[in-house]
Amino acid sequence: MLLYIILGLLIHLVFFASIFDIYFTSPLVHGMTPQFTPLPPPAKRLVLFVADGLRADKLYELDENGNSRAPFIRNIIMHEGSWGISHTRVPTESRPGHVALIAGFYEDVSAVAKGWKENPVEFDSLINETRHTWCWGSPDILAMFAKGASGNHVFAHNYDAYSEDFGAQDVTKLDTWVFDNVKVRAIENSFHAARNNQSLFSKLNEDKIVFFLHLLGIETNGHAHRPSSREYLNNIKIVDEGLKEIVSTLKDFYGSDGKTAFIFTADHGMTDWGSHGAGHPLETCTPFVTWGAGIKYPQKVLAQKFDDTYLQEWKLENWKRQDVNQADVAPLMSALIGVPFPLNSVGTLPVDILNSTDLFKAESMFTNAVQILEQFKVKMTQKKEATLPFLFTPFNSLSDSKQINILRKARSYIKQKKYDEAVSLCKELINLALKGLSYYHTYDRFFLAFNVVLGFVGWTSYASLLIIKSHCNLTRGVSKEVKKPRSSLSCSFVAVGVLLALFLLIQACPWTYYIYCFLPLPVWYAVLREFPVIQGLVTLLLTFPPSHFVGYLLLFILGVEVLVLSFFYRYMLTAGLIAFAGWPFITPLWTRAKSTSLSWIFFCLLLAVFPLMPVVGRKPNIFLVVGAGLLVLLLSLFVVTSVIKRKDSFVNEELVLHLLQMLSTVLSVCVVYGTHNSLLKKQGLPLINQVVSWIILASSFIVPLLSPLILFDRLFSILVSSMSTYLLLSTGYEALFPLVLSCLMFVWIHMEQETLPQSVVSCKQKVSSIQFTYNTDITRFRDFYLDDIRRAFFLVFFLMTAFFGTGNIASVNSFDLASVYCFLTVFSPYMMGALMTWKILIPFALVMCAFEAVQLTTQLSSKSLFLMVINISDIMALHFFFLIKDYGSWLDIGASISHYVIVMSMTIFLVFLNGLAQMLTTKKLTLCGRPKSHLI
């Protein structure tokens, strides 16, 4: 069993990793020649302001009194510069957003492995191409550009990482620190000193220099208080005032020489509930305001065509709005100060924003086209060299001759002063080059996907055959010649493997390709070795009435489709639970166990309410968390009363354990309430609350192991300990969810025992007397029933309910950082991610522990039931594999990839959760001095 679990885990890890080679490979190529516009640029210096987490609507809209909360920016829009919306892409996180702005390409997901902080791959950026860059802000953002820059021309000034505290009294200090350091320490002091320091003075007066100000206060206030809060909106006012002062200081130093360009934007937006990461318009629409040298002045218009209603809402319908893609900002900044375009940039220069000669616009657009074409050529050469000549299929829309013709024609238009035609032709070339880049980037996608699907189907088939082989004797009528595997089968697979290895070797494929291509071979070999079982299964199925077979098949497909649809629509879980409530009426359960059936119906309907409620975190309510804690205490009090009534040698030990768990629950409620009030008063997270929270979390793994191994006692102990931790991680109604889910699980255990057929009833035990034992998988094998498939489906459905019952976490933006404020408030992506993951896994663990009890009461091999669960999950994963898309809106693309990753993660986690559930239910810790015999 252990060997099989390890092999299964390795196979699923390969399936999981395949998505990164198929969809998440780095788009970067190296070896291009830097390209820059061969004309004097309009600006000598550029100032980039990035307000982290600033939504476009919150900046542009008017307040309740009809006044702008950013009057300086409003004045720029109306009198000095150009404005619009910068459209970002998923994942809407800080690092990918800044990479798109400053390097001009969209970050691949491999950066998530480093918390969006470090550089997973080397890339070129605007900062690397400048003569000198001064930057101020968060250490997380500045470090990646300072480390990625060649030479020592980047001067980074950042505050301490511990300043990024969501519970701090005033997080606007993150922005005022930047403004003060730029204005007082960096500019006023340095610039005055520069009069006497010729080296510094010359640096500040050189061309091709950048000042980069990263402003994190708005993002931090959005996470802590939501974007509609007074703190978030006031922070926008502070940023607006800071911008005004910085612009004034720079103009004073440079004597208003008209050679400074300014850009104000954001890396991503934020949902109404204070999170980001997905593709919702509130996350992808960020402000874009630019003014100064080389930028067009405001243009008044009578009408504008946009799909949204923002212009009317913001009272800006008469000022021309010029939207850009986030990656377009990098080539714009490069053109403004005359530095080479970042080598990996895929942005298109927004020439309509430039206030320069038509010649400069055409030359800059030509440079932009050549720079992107260079990437296309390198990508094509790499793929051509790694593919057999007769198998290579070039991108016909941009052949070598067509490249030369377009470039020659564009250059001819520029010489003839047909600048508009040249710009239009360059844009066409850019679009073709970008399509070609995408074509070669996804060149091997079908080949890899085919092998992964082949492995998926083979694994699912083999697991199904193992279950059937263990519990059904289907080879009884099969001849011995058929039973004995032929040696030709082994030789055939070895020959295929050799040919495949030669094919991959000649094409110089990465080592991961060998894994994806070779994995299906042993899996399908194992399947074909079980040919007698397959033959027996086909014979058995032919004896079934066709109507019955089709009916069961359709029912199974319907069940899987409901599970798949629950990823998109949470109310499908409600529909499923309502259907589950009717289960006793179509079976003898209603007459056999009426009271248990009524309990099942009640808790199914009660749990069905949760998927209909708002996603957790969007409407926090601390009183519901306190109420959930009181319900746990009431339930514990009831159990303690029953323990006291029992005359048992373990009463003292068990009573102390229950009282300890009740104390833990009380402390959790107090910590949650106290922390909430402290953060409301902006007094931060009290140290005592933080210490108690971590102690409760650590003890939740140990305390259940001290309880008796009797089924009900152990499960209840696991519930109470888990609830103590879950309360600390809750912000609203979700605190009630594990309690209701666990009640349904207790009833499910009783219901499953009642469903056992008469042949097994004789050896049934009362649930109250059953004890968890570790070797249940070795003994008590019985025949396989259709009910066992239903049990496996129930488990997968309950796991989906545990996963999505309180929120659709298929979107990254569903995570609410407020959940971890009892443990820490200083930004730490790994620690916060780990805590939120554990919050998700607690309902998972409760369901898996109940499933351990179901296996025990139904007397079926845990291996077989577990394999059925894995099979259903794999069928879902295969479903989502085919639903993955790389076209359409970024919301659809991100969601499709997330769904596959989540269902594959769930399959892998099931292995670990199964082990965790076995440990929590079957292991027993003894207190010092207790005799070993007292365990039983």
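About the cut-offs
Residues numbered from 1 in each chain as written. Predicted model: local features only at pLDDT ≥ 70, side-chain atom pairs only at ≥ 80, totals over all residues. Heavy atoms only, no water. UniProt positions renumbered as here; feature names shortened; annotations may be inferred. Helix = DSSP H or I, 4+ residues; strand = E, 2+ residues; numbered from the N terminus. Buried < 20%, exposed > 50% of the residue type's maximum accessible area, 1.4 Å probe, protein only. Areas by Shrake-Rupley, 256 points an atom, 1.4 Å probe, with all protein chains shown as cover. Polar contact = N/O pair within 3.5 Å; in protein donor to acceptor, adjacent residues only side chain to side chain. Patch = residues over 30% accessible without salt bridge, like charges linked within 9 Å, V, L, I, M, F, W, Y side chains within 5 Å. Salt bridge = Lys/Arg side-chain N within 4 Å of Asp/Glu carboxyl O. Pairing = 2+ DSSP bridges. Contact = heavy atoms within 4.5 Å. Axes fitted to C-alpha atoms, helices over the stretch in contact; angles between N-to-C directions.

- The name given to the chain in an unreviewed UniProt entry is GPI ethanolamine phosphate transferase 1, and the organism recorded there is Balaenoptera musculus.
- On record in UniProt, under Sequence similarities (unreviewed entry), the comment for the chain is "Belongs to the PIGG/PIGN/PIGO family. PIGN subfamily."

1. Side note on the overall build of the chain
Here's step 1: Looking only at helices and strands, the chain features 36 helices and eight strands.
Here's step 2: In the chain, buried positions account for 57% of the 936 residues.
Here's step 3: Carbon and sulfur atoms make up 63% of the accessible area of the chain, which totals about 39,700 Å².

2. Considerations on unusual backbone geometry
Here's step 1: One non-glycine residue with positive phi stands out, namely R226, at about 85°.
Here's step 2: Residue placement: R226 occurs in the loop between α9 (217-225) and α10 (230-254).
Here's step 3: For K682, which is not a glycine, the phi torsion comes out positive at approximately 60°.
Here's step 4: Mapped onto the elements, K682 comes out in the loop between α28 (651-680) and α29 (687-699).

3. Some thoughts on the side chain of T922
Here's step 1: Looking at the element boundaries, T922 is found in helix α36 (residues 890-922).
Here's step 2: Within the local environment of T922, its side chain forms a polar contact with the backbone oxygen of Q918, the two atoms lying 2.4 Å apart.

4. Here's the deal with a nonpolar patch on the surface
Here's step 1: Together, L540, L541, F544, F549, V550, L553, L554 and I557 make up an exposed nonpolar region whose accessible area comes to about 660 Å².
Here's step 2: Mapped by element, the contributors of at least two residues to the nonpolar patch are α22 (531-543) and α23 (546-565).
Here's step 3: Among the elements that take part in the nonpolar patch, α23 stands out by supplying five residues, more than any other.
Here's step 4: With respect to the helices and strands, I557 occurs in helix α23.
Here's step 5: I557 sits in the partly exposed class, given a relative accessible area of 40%.

5. Quick word on the sheet that holds strand β2 (residues 81-87)
Backbone-to-backbone hydrogen bonds pair the strands of a sheet. The strands run either parallel or antiparallel.
Here's step 1: Read from one edge of the open sheet, eight strands run β4-β3-β5-β1-β6-β7-β2-β8, paired in mixed fashion. Of all the strands in the sheet, the pair left with one neighbour each is β4 (154-158) and β8 (324-325).
Here's step 2: Pairing analysis gives seven bridges linking strand β1 (residues 45-51) to strand β5 (residues 209-215), with the strands arranged parallel. Directly across from V47, in β5, lies its bridge partner F211.
Here's step 3: Across the sheet, α10 lies against β1, β5, β6 (260-265) and β7 (285-292), angled at about 160° from β5, the strand it touches most.
Here's step 4: Taken strand by strand, helix α13 (residues 329-337) contacts β1, β5, β6, β7 and β8, and its axis lies near 155° from that of β1.

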